Structures are given as structure tokens and as C-alpha cells.
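Residue-level listing of the chains:
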Amino acid sequence: MQLKRLVFIGILILIGLTALPLMIPTTAYLPQVEHMAAASVGAPVKINSLHLAIIPTPRILIDGITIGAHEEVRVDHVSAIIAMDSLLARRKSISHLKIDHPVIRKSALPLLASLASSRTSAAPSIAVNIRNIDIHEAELQWDALSLPRFDVKGAMQDGMIQSLEIDSTDHKLHAEITPQQDRWMIKAKASQWTPPLGPPLFFDEMEINATLEGAHLRIDQYTAKLYAGVVTGNAALDWSKDWRCSGKVNVGHMEITKPTSMLSKNIRVSGSLTGSGTFHSVATQPEQLLQRLAADFKFNVDRGVLHGMDLAQAASLFIRQGQSGGETAFDKLSGRLHLVGKQIQVQDLQVVSGLLAANGQVTISPAKTLNGQVDVELKKGLALVTVPLQVSGTVDEPVVMPTRAAVAGATAGTAVLGPLGTALGMKAGSAWDRWFGGKK
């Protein structure tokens, strides 16, 4: 009987502890809590509901939080577990602050930058000390960008963040963030990852060391392994007014068959790429940075094949319809790539391949049409024949043929001097092209 009474009393106590929070009118405290939260984050805060729980540990449960005048941040649920050792203390401590599924819109970035800056400059005056933060399934909504959700673990002391660890839920991205005076030091890693912007390049590994200060992100060094090569460099991103980015890139021994095949299904280059260059961009929106990118890149490709163009065969055909398809094996291909938005210029192009040597320039328009000239030197017996080739068509259906002036010169030279006059006439036609721009 005594045991039954004890069990019954225990059940009554358990029911009381469970029901007690429901009897406390927490709704009356909502305006005060919203005001305190708004003062802390520097933006309007709205809360749908606030509850207290005693078991299994004392905690505060908050549902339906929005931050910002236009709900730049939304949070499904927050659980603040009160530290037992602070129950009798004047200043209460939260041992764990758990945040479930926060949704952060692109327009919240200035708010987050301001909040991050204030958290590194001075400790805020708050009545509650938070020790640890766990964020689950955080989501960034940036228009058409497809970004993975991520989890965050943070350690705090006296209202100041001491460290943050961020992991994407697909386990491809990891970052460690620590404050240092008025800035944040960032170390990030990626593996088996494809960026959400730009061409779908596949990175085997990537490491970044960066510094975030206000609305300025400086990437002191990045190292990436992709397509059997290594890419290194630095970069800077600023969004204090417009969005601005700039940086340097160095490429070492990267196999470029797959990257170049993303530009065209017919024209692609195989071989080992090395090179270096710079880039910069200015835009009003972050997703426009790539569209307005300007870059200069000097490159060398060793021991490869230019698929989609047979320069030797094109130089040997004196027909109006031109030649497409085929391939050109080369020992070395070099040049300078100049990019402005979606227009690409390949300047100072040089190809060395056995008895063939070529130089020239080609422009790829935003509509992916080709326009350029490549002068091809062919060794015919003991003589060198230079054939100027007009490059036209599109990146998917390129056309390469001798220029009209070269064909006319070759025809006239053959008529006057026979086979010997072909090369002389073509040389004269090539000179006409250079002097008067008569490429057609």
C-alpha cells in the first residue's frame, strides 16, 4: 500500500509539473520578449507563441518567429534549455539554444552583416547568458540559386560567439568560423562539390582561408583540386554598395577535356592546361556577377587535341563551302583569353604541331557565333606555305576555310606561274588580308 501511495504521489507531481506551464499566462509576456529580441538583433521581431516546460529539463519553447520588416528571417521553432546551475542565480544561463529550420532570404544579408559586426566589437548587455547554439536545417533562399541546407554548432561566452562550425546536410561543405577583434576568420572545405553558380565544374577538393569584416569578404587563399589539376589564387567580395568581386587564379596541369566540352558539344580541347590570370566584376545583384565577369587569362595546353577543327585539312582545301569537323593534334597550344560578360576573345593564339604551325585570334559572341582568322603554316616539301583561314559558324557547327583573298591569290598565281605560283599567290592574298582587312 505504501508503494502504491508513493507511485500515485509521483504521478500527481509529474502531472503537476507538466500542467503547470500551461497555467502560466505566457502570452502577456510576448510584447516584452519581442521588444528585447528586436533590441538585440536591431530589427523588428514577431513571435507566434511562447511556452514554458519543466520536464525533462526547464526550457522555453518559442514557435513562429519572424525577423525584419519584410520577414527577412523566419524560424519554425526555438527551444531554450535553462542551465540547472543558474536557476538560483541572478543572471540565468541557457545551456543550449536550439533553432529548427531557419529560413534566411537574400535581403537579410545586410542585417546579418551588421549583427555579425556588433557581436565581435563589444559584448551586448543582455539578461541571459547563452552557452551553446545548435541550428538545424538552415535554409538560404537566393532566388534561382539551389543551395544546400546546413547545420550550425556554436559556442558562446558572455554573449559573445567563440566559435562556429557549419556543415551542409549533404556532407559536402564544412566551415569553421572564429571571431578575431572586429572580424571573422573562416576556414572552409568542400569535397565532391559542384558550385551553384556558373558552369557545373566538379571539385574533388577545395580549401579556403578567408576573413569576413562587415560587408567585405577577403579570400586570402584558395586551393582546389579538379580534373587531375590544381587551381590556386585569392579573391575579394564586397557588397557594401554594389556587389563587387576581384581576384587572381593560377591553374596547374589540369586536364581540360570535360571543362571545354561544357562550352560546345563539337569543339573541345584535350590536354594539360597551365596558366594564370585575373578577374573582376561589378553588379547590383550577386547572381549577376558571373554574367558581368571580366577576365584576362594567359594559358598553355601541352600535348593535346583540338577536336572539331582540322587546320591542316582546311588549309589544303580551296573551296568556298569550307570545312568543318575533324581534329588537330598539337604539341602546344597557347594564347590569351579575354572574357567580357558572355563574349570570349582568344587572342595571340598559337598552335605548334609537327609540320604545322598556326597563329591568330577568334571571338565567340554571346550568341556563340565564331568570327576570327587563323594563319596556318604548312611545310610542303622544302617550302613553307602560309594559308589564312577564316573561322565562322557557331561553337556547335564551326566552319573553317581559306579567306577569299587567299583563294583569289592562289587561283591567280596558279594561272600565271602554275603550281609554283599557288603559294606565291596565296602569300600575296594573305598580305592583302593583313594590309586592308580583306578577310573575306
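Definitions and limits used
Position numbers for residues count from 1 along each chain, tracking the sequence in the order it is written. Reporting of local features is limited, given that this is a predicted model, to residues whose pLDDT is at least 70; pairs of side-chain atoms are given and counted only at 80 or more, and all residues count toward the totals for whole chains, interfaces and linings. Hydrogen atoms and water are omitted, and side-chain values are computed over all heavy atoms in the structure. Each helix is a run of DSSP H or I of at least 4 residues and each strand a run of E of at least 2, with the numbering of both proceeding from the N terminus. Residue exposure (1.4 Å probe, protein chains only): buried if accessible area is under 20% of the type maximum, exposed if over 50%, otherwise partly exposed. When checking whether two residues touch, look at their non-hydrogen atoms; a contact exists if any pair is within 4.5 Å. With residues, only the protein chains shown are counted as cover, and all accessible areas are computed by Shrake-Rupley using a 1.4 Å probe. For every residue, the predictor assigns a confidence score, pLDDT, that lies between 0 and 100. Counted as salt bridges are all cases of a side-chain nitrogen of Lys or Arg within 4 Å of a carboxyl oxygen of Asp or Glu. Ring pairs shown here join Phe, Tyr and Trp side chains whose ring centres sit within 6.5 Å, with only the six-membered ring taken for Trp; geometry is labelled stacked below 30 degrees between planes, edge-to-face above 60, and tilted in between. In this analysis, strands are considered paired if DSSP registers two or more bridges between them.

S.K.: How should I be thinking about the overall build of the chain in this particular structure?
M.R.: Counting its secondary structure elements, the chain contains seven helices and 22 strands. Within the chain, the fraction of its 440 residues that count as buried is 40%. Relative to all contacts within the chain whose residues are 6 or more apart in sequence, the contacts with residues 24 or more apart total 43%. Here the chain displays about 24,600 Å² of accessible surface, and carbon together with sulfur accounts for 60% of that area.

S.K.: Help me out: how do you make sense of the confidence of the model for the chain in this one?
M.R.: Where the model shows low pLDDT, its predicted coordinates should not be examined in detail. Per-residue pLDDT for the chain has a mean of 80; in total, 75% of the residues score no lower than 70. Low pLDDT (under 50) marks residues 7-20, which in the prediction has five contacts with non-local residues, meaning those over four places away or in another chain. Segment residues 408-426: pLDDT under 50, and 19 contacts once partners within four positions in sequence are set aside and those in other chains are kept.

S.K.: Please explain the environment of T232 as it appears in this structure.
M.R.: Take T232: it is sitting in strand β13 (residues 229-238). Accessibility expressed as a relative area gives 24% for T232, which makes it partly exposed. As for T232 and Y222, which are separated by ten residues in sequence, their C-alpha atoms are 5.5 Å apart.

S.K.: Help me understand the pattern of salt bridges in this model?
M.R.: Pairing is possible between side chains that carry opposite charge, provided their charged atoms lie close to one another. The tally for this structure, following the rule as stated, stands at seven salt bridges. For R183, the salt bridge goes to E213, with nearest N and O atoms at 3.7 Å. Here R183 is found in strand β10 (residues 183-193), whereas its partner E213 is found in strand β11 (residues 203-213), with 30 residues between them in sequence. Residue classification places R183 among the partly exposed residues on the basis of a relative accessible area of 23%. Taking the relative accessible area as the measure of exposure, E213 reaches 32% and is therefore partly exposed. Put simply, E137, E139 and R149 are held in one network by salt bridges that share partners.

S.K.: Is there a simple way to think about the packing of aromatic side chains in this case?
M.R.: Aromatic ring pairs are defined here through the distance separating the ring centres and the angle between the ring planes. Evaluation of the coordinates by the stated rule reveals two aromatic pairs. Taking 5.7 Å as the distance between ring centres and 40° as the angle between the ring planes, the aromatic pair formed by W193 and F203 counts as tilted. Here W193 is found in strand β10, whereas its partner F203 is found in strand β11, with ten residues between them in sequence. With respect to burial, W193 and F203 carry one shared label: buried. Judged by centre distance (5.6 Å) and plane angle (25°), the rings of W239 and W243 are stacked. Of the two residues, W239 and W243, neither departs from the other in class, the shared state being buried.

S.K.: Even after reading the chapter, I still don't get the pairing of strand β8 (residues 160-168), so can you show me in this structure?
M.R.: Where strand β7 (residues 150-157) and β8 come together, eight bridges link them in antiparallel fashion. In the sheet register, V152 faces β8, and the bridge partner there is I166. If you look at the hairpin formed by β7 and β8, you'll find two residues sitting between the two strands, and D158 has a positive phi there, around 55°. Between the end of β8 and the start of strand β9 (residues 173-180), which pair antiparallel, lie four residues, with H171 showing a positive phi angle near 65°.

S.K.: How should the side chain of Q347 be read in this particular structure?
M.R.: With respect to the helices and strands, the residue Q347 is situated in strand β18 (residues 343-353). The buried category is assigned to Q347, whose relative accessible area is 17%.

S.K.: Looking at this model, I keep getting lost on the environment of Q313. Mind explaining?
M.R.: By the secondary structure assignment, Q313 is in helix α5 (residues 311-316). Judged by its relative accessible area of 40%, Q313 falls in the partly exposed class. For the pair formed by Q313 and M401, sequence separation is 88 residues and the distance between their alpha carbons is 9.5 Å.

S.K.: Teacher, can you tell me more about the pairing of β11 here?
M.R.: Consecutive side chains of a regular strand alternate in pointing toward one face of the sheet and then the other. Across nine bridges, β10 lies against β11 in antiparallel orientation. Bridged to K187 within β11 is N209. Strand direction decides the pairing type here: β11 and strand β12 (residues 216-226), joined by nine bridges, are antiparallel. In the sheet register, L212 faces β12, and the bridge partner there is L217. With antiparallel pairing between neighbouring strands as the criterion, β11 and β12 make up a hairpin whose turn holds two residues, including G214 at a positive phi of roughly 60°.

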